[in-house]
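Residue-level structure breakdown
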Amino acid sequence: MSTPRNDVPKTTDTPDRSGAAVQRPAPPRQRTSRPSTGGSGPRRGAKVAGTGRPQRTQAPVPEPQHISAYRRWYSTLHPSLQLIGLQLWMPLFFIVGFCLCYVFAFHAPHPHDVPIALVGSDPGLVAAVQKALPGEFVFHPYDSLIAAKRDVLAGTMAVAYDPSTNEFFKASAHQFQVASLVPATLSAVLTATGVATPKVTELAALPAWDEYGTVPMYVMLAWCIGGYMVAMFIGIMGGPLRHRTRMTVIVVGGLVISVITNTLAGPVVGAIHGHWLPLVLIAWGWIVAIGLAVNGLSYFVGRFIAAPAMICFVFLSMPSSGGAYPKWFMPEPFAWLNHVVVGSSMVDMIKHQVYGVGPGPARGLITMACYAGAGLVLMFLGKLWWERRRIRAIVTGRTTMFQDAQTANREFLGAQRDAELERHGLASTETGTLQVIRDDEWEDDRAGGDVFTGAPDGLENEPLTTGRIPVVRAGTTRPGRSSSAPRSTQAPRQTGTRGDRAGSGTPAQESTPRHRQPGR
């Protein structure tokens, strides 16, 4: 019975001859059938496991990126001018944001639907106010003066009025503007109806170091800016970083910013007395929550993350926070946004901790958890979307105008550096170090060998074994450059020992080619 032959190709035993081509054995042919083994084994010709899998087909070649005429024209500008132009959107955005948010919100604050706690009833006062100031005040009847005072301290009521004693109750620590304007306005209406000037009782006065109650607003603004800027720079420059690395930077950076801001606002400036540790913990939580939200958004908007971050945490949050004016004085949509922006919850938590007014910490903690949770969800989904876009850009070779401008600017600065080095008789090596271009008509006295400047042949103590980066000279062209580009030469490679090169007339120096410095 015949046995199956081996598939190994035959080789020759004859020695290789000089000048003749060497015959190499061909690679073994892949077996696609199984040899017969007798018995109940597979018969001859059976398919080998794994050979029936479908062959992978090559992915289609992507279409070249379409470059618009404007982009082609823009790429002809100076590289530095390109980078400046591509960043001018930020000051333009800043100007528009300030006008539409700050100027619009604060140019004419006017009271509307201001809640007034009325102890008992006074139909004459209600009718007089509705006639004189329609739509500005809403009276809520209370049976208990204690309950009315509690709601004024909590911030749900602007002021409380007791007709039986002709007395207003206010809380300046919660809202200085309300405590100043509302009793004065209602007192004018009452005196016009023949009622004596009401008495005004302070329930929570502001301390001497915060005369107008603006400290919580500006401390809140410092926390917001610190939180979104940490995450903004992570989103701009830390795209490939892992989630845990990003979150570590946010958590550690948030703690540092919290400690710095509360130390400056408290012990250094004296705007807040005491409460340092609770405020550090509150600020840390808010900065981390804001950082997580901005970090999640950065996957979707890239280097433009500053725009949505400033919209959410500065331009909309500041007017809607109630720190400068309460929501009853703000136009829409800022009055409604007071319920959802981080600034409102942050200001309330600061006032409750420092002055003991405003709602408790529950609302702030819930808002903080919502922003942090939204940030984690955006991080998870955004990372997948960002990686998919990145792979698509790599495969298709697509670039952005900003990437092209960065590449052009890097090449321009490199060429400028080489030209400046050559003007001083220096050449740059592949490792970034410098070598002197030897020239009979030019020699820098500093190139002499001593303990400060190094060996006579330059700034190196030993000869470099790496190649030299071409130095730009006038006269020749590089591949892909115009005919007006400078000529390219190389600094000579030094041979021999340091002692051979140190003396004049040594073989090492005589064999070195001479290069003349331009302009000599």
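Criteria and thresholds
Going along each chain's sequence as written, the residues are numbered from 1 onward. Residue-level local features of this predicted model are given only where pLDDT is at least 70; pairs of side-chain atoms are given and counted only at 80 or more, and the full residue set underlies all totals for whole chains, interfaces and linings. Each side-chain value is derived from all of the structure's non-hydrogen atoms; neither hydrogens nor water enter the calculation. A run of H or I in DSSP becomes a helix once it reaches four residues, and a run of E becomes a strand once it reaches two; helices and strands are each numbered from the N terminus. We call a residue buried when its accessible area falls under 20% of the maximum for its residue type, exposed when it is over 50%, and partly exposed in between, using a 1.4 Å probe and counting protein chains only. Contacts are assigned to residue pairs with any non-hydrogen atoms lying within 4.5 Å of each other. Comment: axis = line fitted to C-alpha atoms, over the contacting stretch for helices; angle = value between 0 and 180 degrees taken between N-to-C directions. Crossing handedness is read from the near helix: turned anticlockwise from the far helix by less than a right angle, it gives a left-handed crossing, and turned clockwise, a right-handed one. Residues are grouped as follows: nonpolar covers Ala, Val, Leu, Ile, Met, Phe, Trp, Tyr, Cys and Pro; charged covers Asp, Glu, Lys and Arg; every other residue, Gly included, is treated as polar. Take a side-chain nitrogen of Lys or Arg and a carboxyl oxygen of Asp or Glu: if they are within 4 Å of each other, that pair is a salt bridge. Stacked, tilted and edge-to-face are the three classes assigned to paired rings of Phe, Tyr and Trp, where Trp is represented by its six-membered ring and a pair needs centres within 6.5 Å; plane angles under 30 degrees give stacked, over 60 edge-to-face, the rest tilted. Here, a charge over a ring is recorded when the distance from Lys NZ or Arg CZ to the ring centre is within 6 Å and its angle to the ring normal is within 35 degrees. Two strands make a pair as long as DSSP finds a minimum of two bridges between them. Values of pLDDT, ranging from 0 to 100, describe the predictor's confidence in every residue of the model. Any cysteine sulfur atom paired with another within 2.5 Å is treated as part of a disulfide. Angles are sorted into four bins: roughly parallel if under 35 degrees, roughly antiparallel if over 145, roughly perpendicular if 65 to 115, and oblique for all others. Here a polar contact means two N or O atoms within 3.5 Å. Within protein one must be a hydrogen donor candidate and the other an acceptor candidate, and residues neighboring in sequence count only if both atoms are side-chain atoms. Multiplying one less than the number of residues by 1.5 Å gives the expected span of a helix. Patches draw on residues past 30% relative accessible area with no salt bridge. Two like charges within 9 Å are joined, as are two nonpolar side chains (Val, Leu, Ile, Met, Phe, Trp, Tyr) within 5 Å. Where accessible areas are quoted, they stem from the Shrake-Rupley method and a 1.4 Å probe; at the residue level, only the protein chains shown are allowed to cover.

Helix and strand content of the protein: 17 helices and 11 strands. Among the 520 residues that make up the protein, the fraction classed as buried is 39%. Considering only contacts in the protein between residues 6 or more positions apart, those separated by 24 or more positions represent 63%.

A separate point is the packing of helix H13 (residues 342-354) against helix H14 (residues 361-396). Orientation of H13 relative to H14, taken along the N-to-C sense of each, is 145°, at an axis distance of 9 Å. Judged by the sense of rotation from one axis to the other, the crossing of H13 with H14 is left-handed. Listed contacts from H14 to Val342, Ser344, Ser345, Asp348, Met349 and His352 of H13 are Pro361, Arg363, Gly364, Leu365, Thr367 and Tyr371. Here the residues of the contact of H13 with H14 are counted per class, giving 5 nonpolar, 5 polar and 2 charged.

One pass over the full model with this rule turns up 3 salt bridges. A salt bridge links aspartate 404 to arginine 71; the nearest nitrogen and oxygen atoms lie 2.7 Å apart. Highlighted residues: aspartate 404 in helix H15 (residues 401-423) and arginine 71 in helix H1 (residues 69-74), separated in sequence by 333 residues. We classify aspartate 404 as partly exposed; its relative accessible area is 30%.

With that settled, the discussion passes to the packing of aromatic side chains. Aromatic ring pairs are defined here through the distance separating the ring centres and the angle between the ring planes. Evaluated as defined, the whole model comprises 19 aromatic pairs. Look at phenylalanine 176 and tyrosine 212: their rings are 5.3 Å apart centre to centre, the planes differ by 85°, and that puts the pair in the edge-to-face class. With phenylalanine 176 in helix H6 (residues 176-192) and tyrosine 212 in the loop between strand S7 (199-202) and helix H7 (215-237), this residue pair connects regions lying 36 residues apart in the sequence. The rings of Trp89, Phe93, Phe94, Phe98, Tyr102, Phe106, Phe304, Phe315, Tyr325 and Phe329 are connected pair by pair, giving a single aromatic cluster. Looking at arginine 303, its charged tip hangs above the ring of phenylalanine 402, at a distance of 4.3 Å from the centre.

As a further point, take the pairing of strand S4 (residues 137-142). Pairing of strand S3 (residues 114-119) with S4, which is carried by 6 bridges, proceeds in the parallel orientation. In the strand pairing of S4, isoleucine 116 is matched with phenylalanine 139.

As a further point, take the confidence of the model for the protein. Atomic detail in the predicted coordinates should be set aside for any region of low pLDDT. Summarising the model, the protein shows a mean pLDDT of 79, and 71% of its residues fall at 70 or more. Under a pLDDT of 50 for its full length, residues 443-448 has, in the predicted model, 8 contacts with residues more than four places off or in other chains. In this model residues 476-520 is a low-confidence stretch, pLDDT under 50, and it forms 89 contacts with partners more than four residues away in sequence or in other chains.

Okay, the sheet that holds S7 next. Strand pairing in a sheet takes place through backbone hydrogen bonds and is either antiparallel or parallel in direction. Read across the open sheet, the 5 strands follow the order S4-S3-S5-S6-S7; overall the sheet is mixed. The sheet is open, and its two edges are formed by S4 and S7, each paired on a single side. This sheet shows a mean twist of 25° between the axes of neighbouring strands, independent of strand direction. Sheet strands touched by helix H4 (residues 123-132): S3, S4 and strand S5 (159-162). Its angle to S4, the strand with the most contacts, is close to 165°.

Another point: the state of the cysteines. Put plainly, a disulfide is one covalent bond tying together the sulfur atoms of two cysteines. For the structure on display, the rule yields 0 disulfides. Between cysteine 99, a free cysteine, and cysteine 101, which holds the nearest cysteine sulfur, the sulfur-to-sulfur gap is 9.7 Å. Residue classification places cysteine 99 among the partly exposed positions, given a relative accessible area of 43%.

One can describe the packing of H7 onto H13 by two numbers: an axis separation of 9 Å at closest approach and a directional angle of 125°. Judged by the inter-axis angle, H7 sits oblique to H13. Along this stretch, H7 crosses H13, giving a crossing that reads as right-handed. Contact with H7, carried on its side by Pro216, Met217, Val219, Met220, Trp223 and Cys224, involves Val342, Gly343, Met346, Val347, Ile350 and Lys351 of H13 and no other residues of that element.

If you trace the backbone, serine 344 turns up in helix H13. Within the structure, serine 344 has its side chain in polar contact with the side chain of arginine 363 (distance 3.1 Å). Discounting chain neighbours no more than four positions away, the residues touching serine 344 are Ser320, Ser321, Asn338 and Arg363.

What follows concerns H15. Taking 1.5 Å per residue, 23 residues should reach 33 Å; H15 reaches 33 Å between its end C-alpha atoms and fits that length. For H15, the full list of buried residues reads Phe402, Ala405, Asn409, Asp418, Leu421 and Glu422. Glycine 425, located one to two residues past H15, shows a positive phi value of around 75°.

Turning our eyes to something else, we now look at a nonpolar patch on the surface. On the surface, a nonpolar cluster with roughly 700 Å² of combined accessible area is contributed by Phe300, Val301, Phe304, Val377, Phe380, Leu381, Leu384 and Trp385. Of all the secondary-structure elements, those providing two or more residues to the nonpolar patch are helix H9 (276-301) and H14. Looking at the nonpolar patch, the element that brings in the most residues is H14, giving 5 residues. Examined against the element boundaries, phenylalanine 380 turns out to sit in helix H14. Here phenylalanine 380 falls in the exposed class, since its relative accessible area comes to 55%.

What follows concerns the environment of serine 428. The residue serine 428 is located in strand S8 (residues 426-428) in this model. The exposure class of serine 428 is buried, given its relative accessible area of 3%. As for serine 428 and arginine 417, which are separated by 11 residues in sequence, their C-alpha atoms are 9.0 Å apart.

Here the focus is unusual backbone geometry. A cis amide bond, omega 5°, links glutamate 332 with the succeeding residue proline 333. Looking at where proline 333 falls in the secondary structure, it is placed in the loop between helix H11 (317-320) and helix H12 (334-337). Phi at aspartate 113 takes a positive value of approximately 55°, unusual for a residue other than glycine. By the secondary structure assignment, aspartate 113 is in the loop between helix H3 (89-106) and S3. Its identity as a non-glycine residue notwithstanding, asparagine 166 has a phi of 50°, on the positive side. Position of asparagine 166 among the secondary structure elements: in the loop between S5 and strand S6 (167-170). For asparagine 166, a relative accessible area of 15% translates into the label buried.

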